[in-house]
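# Architecture at a glance
So the chains spell out like this:
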Amino acid sequence: MRAYGEIAERLRRSTVQIFNADSNSQGSGIVWSAAGLILTNAHVVRSAHPDVQLWDGRRLRAKVVMRDPRRDLASLRIDAADLPAATPGDSQTVRPGQLVLAVGNPMGFAGALSTGIVHSVGPMAGMGNQPWIRAGVRLAPGNSGGPLADAEGRVIGVNTAVTAGLGLAVPSQFALEFLRSGPAPALGVSLRPVDLGLLLLEVNAGGAAAHAGLCEGDILLTRHDALLASLDSGRPTLKLHFLRGDRRRVREVFVKLASPVEAAA
């Protein structure tokens with residue numbers, strides 16, 4: 001049990017708290033490199049320069065390096081060295097029944113630890129073909145962005161949400177791909193399924209959809225899973241059909257995709 005406790009303590013020291021300067025929201029993050037690279041969820045980072053609090057109590061201003069809203073990942077950089085970096089694990093070897101540990105800062109309680117087992121690994125309905133790790137660990141607001149680790153303390157996922165009572169984590173293989181290659185292609189929109197397709201609730205200025213002339217209120221004539229498959233197809237340009245105003249007239253637009261690297265100013 002002492003060895004298990006040491007593994008848990010190392011994982012706690014590799015977990016940080018993230019505070020947004022322009023809001024009251026907070027979450028967790030993972031020290032990914034000793035030189036100050038922090039990995040977290042995109043939805044945790046709500047300001048360009050959030051604060052990061054380390055396990056030893058130091059609180060440092062961070063810079064957002066990249067955000068990937070589709071995978072719900074973000075990377076930050078702080079001016080620090082010799083940090084206790086986490087050890088990445090291989091999420092492709094994760095199997096149901098495997099013991100896992102989750103560390104985070106639920107409700108502001110720093111370094112809270114929860115244990116459980118992997119429930120399943122695979123895609124979620126309406127969330128594309130990307131697999132997710134679902135585990136029976138206790139998570140609460142503030143856990144988002146923290147590590148999901150195996151029994152050896154190797155990080156196999158980034159805790160993201162709770163669905164049907166189970167913790168949902170982005171597998172580490174996608175975190176590594178994000179850090180290596182940047183964000184996945186995206187339209188830069190917020191969507192809501194409706195009877196005819198996908199309603200554009202918000203179009204981000206400077207995003208691919210905005211450059212193509214799509215607007216809030218337009219309805220894309222496609223399903224969410226089909227749109228995600230098109231974005232992941234590797235094609236640099238997508239042809240989309242949509243409705244605007246007169247629903248008897250189907251319009252067509254070509255959207256040029258680019259990885260939405262969002263660096264802080």
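Anyway, here's the lowdown on the structure attached to this text. As the structure is a computational prediction, the values presented were derived from the model and not from experiment. (Residues numbered from 1 in each chain as written. Predicted model: local features only at pLDDT ≥ 70, side-chain atom pairs only at ≥ 80, totals over all residues. Heavy atoms only, no water.)

## A short note on the sheet that holds strand E15 (residues 189-193)
Overall, antiparallel pairing links the five strands, which are arranged E15-E16-E17-E18-E19 in an open sheet. Every other strand in the sheet has two partners, leaving E15 and strand E19 (251-256) as the edge strands with one partner each. Where strand E18 (residues 237-243) lies against E19, six bridges are found, and the strand directions are antiparallel. Following the sheet pairing, Phe 242 is matched in E19 by Arg 251. Lying on the sheet, helix H4 (residues 224-231) is in contact with E15, strand E16 (198-203), strand E17 (219-220) and E18; it crosses E18 at an angle near 155°. (Pairing = 2+ DSSP bridges. Helix = DSSP H or I, 4+ residues; strand = E, 2+ residues; numbered from the N terminus. Contact = heavy atoms within 4.5 Å. Axes fitted to C-alpha atoms, helices over the stretch in contact; angles between N-to-C directions.)

## Here we look at the nonpolar core
Counting residues in each nonpolar core, the largest one holds 21 residues, and the members touching the most others are Leu 39 and Leu 73. Looking at this core, the elements with two or more residues in it are helix H1 (2-13), strand E3 (37-40), strand E9 (99-104), strand E13 (154-163), strand E14 (166-171) and helix H2 (172-181). The element that contributes the greatest number of residues to this core is H2, accounting for three residues. Those residues within four positions of Leu 73 in sequence are excluded, and the remaining contacts are Leu 39, Thr 40, Asn 41, Ala 42, Met 66, Arg 67, Asp 68, Val 158, Val 170, Phe 174, Ala 175 and Phe 178. By size, the runner-up hydrophobic cluster in this structure holds 17 residues, among which are Leu 187, Ala 209, Leu 240 and Leu 257. (Core = buried A, V, L, I, M, F, W, Y, C linked by side-chain atoms within 4.5 Å. Buried < 20%, exposed > 50% of the residue type's maximum accessible area, 1.4 Å probe, protein only.)

## Looking at the packing of aromatic side chains
Per the counting criterion, the structure on display carries zero aromatic pairs. Above the plane of the ring of Phe 19 lies Arg 59, whose end atom (NZ or CZ) is 4.0 Å from the centre. (Phe/Tyr/Trp six-rings, centres within 6.5 Å; stacked < 30°, edge-to-face > 60°. Lys NZ or Arg CZ within 6 Å of the ring centre and 35° of its normal.)

## Points about the environment of Gly 36
The topology assignment puts Gly 36 in the loop between strand E2 (26-31) and E3. Those residues in contact with Gly 36 that sit more than four places away from it in its chain are Leu 76, Arg 77, Ile 78, Ala 80 and Leu 83.

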